[in-house]
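Survey of secondary and tertiary structure
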Amino acid sequence: QQQVKQSPQSLIVQKGGISIINCAYENTAFDYFPWYQQFPGKGPALLIAIRPDVSEKKEGRFTISFNKSAKQFSLHIMDSQPGDSATYFCAASSIGTALIFGKGTTLSVSS
Amino acid sequence: DTEVTQTPKHLVMGMTNKKSLKCEQHMGHRAMYWYKQKAKKPPELMFVYSYEKLSINESVPSRFSPECPNSSLLNLHLHALQPEDSALYLCASSQNRDSGTQYFGPGTRLLVL
């Protein structure tokens, strides 16, 4: 019940396309859902996060869509660029609990 | 400023060595974390400090010893490590344990020979 399932494991998108990464969770107590971006040899960087009181949050080209009834959330990267090529981790937590990470998605944006 | 710094960036050590990893943040955060990350895997939580007290130890072997000298500093003392301990060691901090938003440092790449 503590798992966060992330898909796909890897993703190849053409430059200018839309990248979509999905995550699903079971624990209905989770109330914070961040996405992290990690480049090789670097630490994860917080990209965008959402709480369950909203269904969508947009920051620039990055959008989180959240479906509370389906217990799913997704990251959409619009106009994907080669510089977006990285590993993306979704995560979830609730008050007093540790962040539970998905297994990660390696995104490659081809030019 | 959301910066967490870690030193050293790279570390090579033998199985009999003693070394320390250092992490620092000046955001006034009162929760600090150590994670271990293997290649192509998500970070694995090792330790959590809340208000300078150890609050979570995820069954980490005693060859890893954390220390929180003050609210800005976090150390990880390493002794008698095994080759399988080679990994990227990440430090993170958050406003408090309940805030959710964690900021990660760049990590220390550790190689145990």
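Here we summarise the structure given alongside this text.

Calculation notes
- Residues numbered from 1 in each chain as written.
- Chains lettered and ligands numbered in written order.
- Predicted model: local features only at pLDDT ≥ 70, side-chain atom pairs only at ≥ 80, totals over all residues.
- Heavy atoms only, no water.
- Pairing = 2+ DSSP bridges.
- Helix = DSSP H or I, 4+ residues; strand = E, 2+ residues; numbered from the N terminus.
- Axes fitted to C-alpha atoms, helices over the stretch in contact; angles between N-to-C directions.
- 1 Å grid on protein atoms, 1.4 Å probe; cavity = no way out; pocket = protein on both sides within 12 Å on 5 of 7 lines; lining within 4 Å.
- Points joined across faces, edges and corners; volume = space filled by probe spheres on them.
- Nonpolar A, V, L, I, M, F, W, Y, C, P; charged D, E, K, R; others polar.
- Phe/Tyr/Trp six-rings, centres within 6.5 Å; stacked < 30°, edge-to-face > 60°.
- Buried < 20%, exposed > 50% of the residue type's maximum accessible area, 1.4 Å probe, protein only.

Residue and element names in this part refer to chain A. Spatially, five strands are ordered E1-E3-E8-E7-E6 in an open sheet, and the strand pairing comes out antiparallel. Two strands lie at the open edges of the sheet, namely strand E1 (4-7) and strand E6 (56-59), each paired on one side alone. Looking at each pair of strands side by side, their axes are set apart by 15° on average, direction ignored. Pairing of strand E3 (residues 19-25) with strand E8 (residues 72-77) involves six bridges; the strand directions are antiparallel. Residue pairing for E8: Ile20 is matched across the bridge by His76.

Looking now at empty space enclosed by the protein. Enumeration according to the criterion identifies three cavities of 30 Å³ or more in this entry. Space inside the largest cavity adds up to approximately 70 Å³. Taken together, A:Ser93, A:Thr97, A:Ala98, A:Leu99, B:Tyr33, B:Val48, B:Ile56, B:Ser94, B:Arg97, B:Gly100 and B:Gln102 make up the lining of the largest cavity. Considering only residue class, the lining of the largest cavity consists of five nonpolar, five polar and one charged. Of the volumes computed, that of the second largest cavity is approximately 50 Å³. Along its surface, the second largest cavity is lined by A:Asp31, A:Tyr32, A:Arg51, A:Ser93, A:Ser94, A:Ile95, A:Gly96, A:Thr97, B:Arg97, B:Asp98, B:Ser99 and B:Gly100.

This next bit is on the packing of aromatic side chains. Residues and elements named next belong to chain A. Taken as a whole, this structure holds 15 aromatic pairs over all chains when the rule is applied. The interplanar angle of 55° and the centroid separation of 6.2 Å between the aromatic rings of Tyr25 and Phe73 together place this pair among those described as tilted. Taken together, the residues Tyr25 in strand E3 and Phe73 in strand E8 connect sequence positions 48 residues apart. One exposure class covers both Tyr25 and Phe73, and it is buried. Counting every residue linked through ring pairs, the aromatic cluster contains Tyr25, Phe30, Phe33, Trp35, Phe66 and Phe73.

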